[in-house]
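Observations on the model geometry
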Amino acid sequence: METGMEFVNVSYTWPGGKGLHAVNLAVAPGDFVMIAGPSGSGKSTLLRLAARLEEPESGVIRFQGTPLAEYAPPLLRRRIGFVQQTPVVAEGSVRDNLLLPFGFAVNRGEAKPDDEALRGWLERLALAGVRLEDDARALSVGQRQRLCIIRSLLLRPALLLMDEPTSALDRESRGIVERMAEELNAAGMTVLMVSHSEYCPVAVHRCLTVRDGRVEEAA
Ligand code: ADP
Ligand code: MG
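Quick caveat: nothing in here was measured; it's all calculated off a predicted structure. (Residues numbered from 1 in each chain as written. Chains lettered and ligands numbered in written order. Predicted model: local features only at pLDDT ≥ 70, side-chain atom pairs only at ≥ 80, totals over all residues. Heavy atoms only, no water.)

Looking only at helices and strands, one finds six helices and ten strands in the protein chain. In terms of C-alpha radius of gyration, the protein chain reaches 17 Å, essentially the compact-globule figure of 17 Å for 219 residues. Summed over all atoms, the accessible surface of the protein chain reaches about 10600 Å², with 49% contributed by carbon and sulfur. Computed over 25 positive and 28 negative side-chain charges, the inter-centroid distance for the protein chain is 2 Å. (Helix = DSSP H or I, 4+ residues; strand = E, 2+ residues; numbered from the N terminus. Rg over C-alpha atoms; globule rule 2.2 N^0.38 Å. Areas by Shrake-Rupley, 256 points an atom, 1.4 Å probe, with all protein chains shown as cover. Lys, Arg positive; Asp, Glu negative; His and termini not counted. Charge placed at Lys NZ, Arg CZ, Asp CG, Glu CD.)

In structure tokens form, the structure reads like this:
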């Protein structure tokens, strides 16, 4: 059976003793999985492991049937988009930041989106007032969040991990991001989204709850 992402008995411990305990999870291609749970329960840890920013202490995580550890990191970064809880913005303009992934060797063959395409993305995410020349570090947190969302999508990942992508957004922008995630999922992208909000779209196939480092399937 083709698999999207699979956690088999995955444990991870941070210095200090918190972490995840024996997580088993199978995400099928095309799933839309919502992840909720109290603050500090391990939601971000779960996504960081899925993006291979951390390595499991025991157990294995497979993506499309292959353990994450066997992928060349640049290839993995391209197939798995990760919108981190705290948006990471590099020095330079908005354009520099959006095109950052196209500078990696593995993406050299990919056609870079032109300015018109980039502006289209900004408009789609209610960032029409932001110019491509603007200093990315001068943006508000909510604007940075959306910048990072666009950056994660330009290479059309098979799997999109989003860690509270709407936490700094107002209601309207939140709705725009949530609807976009639904559209991407409808077009075939697998989505794992951590969210505190009440958001539960029709498209969601599963809701998971993380409690004390354990992942539970919600009803
Ligand atoms: P959530 O995203 O659900 O709020 P996290 O996955 O960020 O929770 O964190 C889970 C637990 O791991 C928390 O108790 C947190 O304090 C701890 N933790 C997270 N990151 C680190 C770190 N870099 N070093 C030590 N402990 C950490
Ligand atoms: Mg978190």
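There's more to say after this.
Let us now look at the sheet that holds strand 8 (residues 190–194). Pairing in this open sheet of six strands is mixed, and the strands run 6-7-8-3-9-10 from one edge to the other. Each edge of the open sheet is held by one strand with a lone partner, namely strand 6 (80–83) and strand 10 (214–217). In this sheet, adjacent strand axes meet at a mean angle of 20 degrees when their direction is disregarded. Note that strand 9 (residues 206–211) and strand 10 share four bridges and pair antiparallel. Within strand 10, the position partnered with Val210 by the bridge is Val215. Across the sheet, helix 5 (residues 141–153) is in contact with strand 6 and strand 7 (159–163); its angle to strand 6 comes to roughly 175 degrees. Along the sheet, helix 6 (residues 171–186) contacts strand 3 (32–36), strand 7 and strand 8; its crossing angle with strand 8, the most-contacted strand, is approximately 155 degrees. (Pairing = 2+ DSSP bridges. Axes fitted to C-alpha atoms, helices over the stretch in contact; angles between N-to-C directions. Contact = heavy atoms within 4.5 Å.)

Right, let's get into the coordination of the magnesium ion (ligand 2). Only Ser44 (OG) and Gln85 (OE1) from the protein reach the magnesium ion (ligand 2) as donors, at distances of 2.1 to 2.2 Å. Here Ser44 is found in helix 1 (residues 43–50), whereas its partner Gln85 is found in the loop between strand 6 and helix 3 (94–99), with 41 residues between them in sequence. Its relative accessible area of 35% is what places Gln85 among the partly exposed residues. (Donors = N, O, S within 2.8 Å, 3.2 Å for Na, K, Ca; no water. Buried < 20%, exposed > 50% of the residue type's maximum accessible area, 1.4 Å probe, protein only.)

A few words on the site of ligand 1. Ligand 1 sits among Trp14, Pro15, Lys18, Pro38, Ser39, Gly40, Ser41, Gly42, Lys43, Ser44 and Thr45. Taking Gly40, its main chain carries an N or O atom lying 2.7 Å from an oxygen atom of ligand 1. Measuring from an oxygen atom of ligand 1, one finds a backbone N or O atom of Ser41 at 3.2 Å. The protein chains hide 65% of the 560 Å² of surface that ligand 1 would expose on its own. Residues that form the shell around ligand 1 fall into these classes: three nonpolar, six polar and two charged. (Near = heavy atom within 4 Å. Polar contact = N/O pair within 3.5 Å; in protein donor to acceptor, adjacent residues only side chain to side chain. Nonpolar A, V, L, I, M, F, W, Y, C, P; charged D, E, K, R; others polar.)

Scanning all chains against the criterion turns up 13 salt bridges. One salt bridge connects Glu6 with Arg62, and the closest N-O pair in it is separated by 3.2 Å. Of this pair, Glu6 sits in strand 1 (residues 5–13) while Arg62 sits in strand 4 (residues 58–63), placing them 56 residues apart in sequence. Ionic pairing is found between Arg52 and Glu55, a salt bridge with its closest N-O pair at 2.6 Å. Its relative accessible area of 26% is what places Arg52 among the partly exposed residues. With a relative accessible area of 40%, Glu55 lands in the partly exposed category. In the salt-bridge network here, residues are joined through shared partners; they are Asp31, Arg206 and Glu217. (Salt bridge = Lys/Arg side-chain N within 4 Å of Asp/Glu carboxyl O.)

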